[in-house]
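Chains, contacts and geometry: an overview
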Amino acid sequence: MSVIIEPFKIKSVEPIRMTTRAEREELLRAAGYNLFLVNSDDVLIDLLTDSGTSAMSSEQWAGIMRGDEAYACSKSWYRMRDAIRDIFGFEHVIPTHQGRAAERILFSIMCKKGDVVPNNTHFDTTRANVEFNGAEALDLLKAEALNPAAILPFKGDMDVQALEKVIAEKGRERIPLIMITITNNSGGGQPVSMANIRAVSAVAKKYNIPFYIDACRFAENAWFIKLREPGYADKPVKEIAREIFSYADGCTMSAKKDALVNIGGFLCTNDSKLAGAQRDLLILTEGFPTYGGLAGRDLEAIAIGLTEVLNEDYLRYRIASTEYLGRHIADAGVPIVQPPGGHAIYIDAKAMLPHIPVEQYPGQALSIELYLAAGIRSVEIGSVMFARKDAVTGKELPAPMELVRLAIPRRVYTQSHIDYVVESILEVNAHKERIRGVRIVKQAPFLRHFSASFALI
Ligand code: F0G
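What this report covers is the structure whose coordinates are included nearby. Just so you know, the residues in each chain are numbered from 1, in the order the chain's sequence is written. Local features are withheld for residues below a pLDDT of 70 in this predicted model, meaning they are given only at 70 or higher, and side-chain atom pairs are given and counted only at 80 or more; totals for whole chains, interfaces and linings count all residues. The basis for every side-chain value is the complete set of heavy atoms in the structure, and neither hydrogens nor water enter the calculation.

1. Details of the site of the ligand
Let me state the cut-off plainly: Think of it this way: one heavy atom of a residue within 4 Å of a molecule or strand is enough to make that residue near it. Nitrogen and oxygen atoms within 3.5 Å of one another constitute a polar contact, given that in protein one can donate a hydrogen and the other can accept it, and given that sequence-neighbouring residues count only through two side-chain atoms. Put simply, DSSP H or I for four residues or longer makes a helix, DSSP E for two residues or longer makes a strand, and each gets a number counted from the N terminus.
Close to the ligand lie 18 residues; Thr49, Arg100, Ser254, Lys257 and Arg405 are nearest. Glycine 99 places a polar main-chain atom, nitrogen or oxygen, 2.8 Å from an oxygen atom of the ligand. Lysine 257 places a side-chain nitrogen or oxygen 3.0 Å from a nitrogen atom of the ligand. For the shell around the ligand, the secondary structure elements donating two or more residues are α4 (99-110) and α5 (124-132).

In structure tokens, the structure reads:
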């Protein structure tokens, strides 16, 4: 059987709205050609992010009603804490309102000016939080993983030799922690192998450097390990997840991804002294340590979501559906980051639109066209998001890749929606030489992609 079926049925529906191309042209002009600024009501298929966009299950909605809203030590808190301990195995669990709040607390306590934090690839908020604390965020992906066309099973793996070199050159005392992001979102949603996690952990132990995992998409990563890494085919995915975290000293988590909820996150550590300092900071800005800025009902939904996400029928469907989208557009000649990632397909806009120079942001240009042509919202992950400034000349240095991400919300769209996306992309591909580059007319000093305005060239 090759047909992909959703392992759920639909109990509640939310209408989506068709618009005309002329309407979309007007809407986009008003939004300064920034898709973050387009109303969701004017989007047909919203692939901007897989974050906080999941459909919750009937069990989760039932949990919402059961949520204990006590300020301190609520029943829902203990359910969430125990669900996290059961999978992640860390002693201290600190709830936060989302992933970046966990990052802010982690880095502001562990990092100071002059420090260096290695990661396979920092996500944008992770990088921004490291840099905001005066530290340098270093991406240590293997060179072959930077080639979008290369088909490798674990393209998210950190370059362990490069890590050793960084420690030798910068000095162990300047590295407050080593981090690895599973799956590697900014590098194409690519998984990290257990072997690599083990190797990075061994290096961290050798130098006595804490090792943390950015765990947003841990279940998807564990499923890829089951599919692709020798020795794991017969292991339950929950056991694989447990093994992953057994090699780490802690993690940050945006529950908005693999906890199948619309808001929430947490920070874990085995270091009691650190946990004390983290809780103090939590109280200052997020809330009491048994709710951390969340409602009791949110804690409940996270506890249930963490169990559901490890259901193997769900993961099989989830990864097959994303792969289906990637394979169908790639087979028709659209260059994508290969192999298809877990939560998203990344179109290689630089390869698809060779007539648009990187200074004219081919990724932004393509995401604009996908909206104009089909009402699909995607996001540029290229130089708009990640360009750097040359310290001497002040000139903008382009990002290593110019990608457009099509992130698939969990349990939200059906296979016919995915077929619509495939057809639309193929139509855009057929007249791609007509797509024009863009320039930035207004931008913020950091995380500029959220608010910048563009003009078509
Ligand atoms: N780490 C990774 C790998 C992420 O993908 C994200 C968020 C975060 C941390 C921050 O979590 O949003 O809950 O504060 N990624 C979303 C995305 C925004 O669209 O990829 P958050």
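From this point, the discussion proceeds with the structure in view.
2. As for the packing of aromatic side chains
Note on aromatic pairs: each is described by the distance of the centres and the angle between the planes. Put simply, the rule is: Any Phe, Tyr or Trp ring, taking Trp's six-membered ring, that has another such ring centre within 6.5 Å forms a pair; planes under 30 degrees apart are called stacked, those over 60 apart edge-to-face, and the others tilted. Accessible area is worked out with a 1.4 Å probe on protein chains only. A residue is then buried under 20% of its type maximum, exposed over 50%, and partly exposed in between.
The final tally for this structure, using the stated rule, is ten aromatic pairs. Taken together, a centroid distance of 4.5 Å and an interplanar angle of 40 degrees make the contact between phenylalanine 88 and phenylalanine 245 tilted. Here phenylalanine 245 lies in helix α9 (residues 237-246) and phenylalanine 88 lies in helix α3 (residues 75-88), a separation of 157 residues in the sequence. In terms of burial, phenylalanine 88 and phenylalanine 245 fall into one category: buried.

3. Thoughts on empty space enclosed by the protein
Quick reminder of the rule: Computed over the protein atoms alone on a 1 Å grid, cavities are sets of points where a 1.4 Å probe fits but cannot get out and pockets are open sets with protein on both sides within 12 Å along at least five of seven lines; a residue lines them when it has an atom within 4 Å of a point. Grid points are joined across faces, edges and corners, and a volume is the space filled by probe spheres set on the points. Gly counts as polar in this scheme, as do all residues outside two lists: the nonpolar Ala, Val, Leu, Ile, Met, Phe, Trp, Tyr, Cys and Pro, and the charged Asp, Glu, Lys and Arg.
Evaluation of the coordinates by the stated rule reveals two cavities of 30 Å³ or more. Empty space within the largest cavity amounts to approximately 80 Å³. Along the wall of the largest cavity there are 13 residues; nearest its centre are Asn34, Phe36, Gln364, Val379 and Glu380. Secondary structure elements with two or more residues in the lining of the largest cavity: α14 (362-374), β11 (379-381) and α15 (383-386). Residues belonging to the lining of the largest cavity are distributed by class as follows: seven nonpolar, five polar and one charged. Its volume calculated, the second largest cavity comes out at about 70 Å³. Looking at the second largest cavity, the residues that line it are Tyr317, Arg318, Ser321, Thr322, Ile408, Pro409, Arg411, Val412, Tyr413 and Ile418. Ranked by residue count, the leading element in the lining of the second largest cavity is helix α12 (residues 312-331), at four residues.

By themselves, these are just geometric observations and shouldn't be taken as functional.
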